[in-house]
Amino acid sequence: MPEYEFVDVYVPRGVSRKETTRLLTDHAEYGHWELDRLSLLRDGSRRVRLRRRIIRQVRATW
């Protein structure tokens, strides 16, 4: 079963869709995050939850 780490990003209502897309694209490209959940709130702001897989290194024994 894969393990994930999560980060919550709050985008205020004054930020355009284009700027939000650029912000999330930067997170995806440089931080290897993927979109888990996006909530559009009543006041126009957005709550975004991003996730990325945790890769555990297995120690080699000799």
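Further up the page is the structure itself.
Since this is a predicted model, take the numbers as computed values, not measurements.

The rules behind the values
- Residues numbered from 1 in each chain as written.
- Predicted model: local features only at pLDDT ≥ 70, side-chain atom pairs only at ≥ 80, totals over all residues.
- Heavy atoms only, no water.
- Pairing = 2+ DSSP bridges.
- Helix = DSSP H or I, 4+ residues; strand = E, 2+ residues; numbered from the N terminus.
- Axes fitted to C-alpha atoms, helices over the stretch in contact; angles between N-to-C directions.
- Contact = heavy atoms within 4.5 Å.
- Phe/Tyr/Trp six-rings, centres within 6.5 Å; stacked < 30°, edge-to-face > 60°.
- Lys NZ or Arg CZ within 6 Å of the ring centre and 35° of its normal.

Asker: Got a minute to help me understand the sheet that holds strand β1 (residues 3-11) in this structure?
Answerer: Where strands meet in a sheet, backbone hydrogen bonds hold them as pairs that are either parallel or antiparallel. Strands sit in the order β1-β3-β2 across an open sheet of 3 strands; the sheet is antiparallel. The open sheet has two edge strands with one neighbour each: β1 and β2 (34-40). For this sheet the average axis-to-axis angle between neighbouring strands, irrespective of direction, equals 20 degrees. Here β1 runs beside strand β3 (residues 46-54); their pairing, made up of 9 bridges, is antiparallel. When the sheet's bridge partners are listed, F6 is paired in β3 with R51. Strand contacts of helix α1 (residues 17-31): β1 and β3, with the helix running at about 10 degrees to β3, the strand carrying the most contacts.

Asker: Which parts of the structure should I look at to understand the packing of aromatic side chains?
Answerer: Aromatic rings in a pair are described by how distant their centres are and how their planes are angled relative to each other. Throughout the structure, instances matching the rule amount to 0 aromatic pairs. Above the plane of the ring of F6 lies R49, whose end atom (NZ or CZ) is 5.1 Å from the centre. The lysine or arginine in question, R51, covers the ring of Y4, its NZ or CZ lying 4.2 Å from the ring centre.

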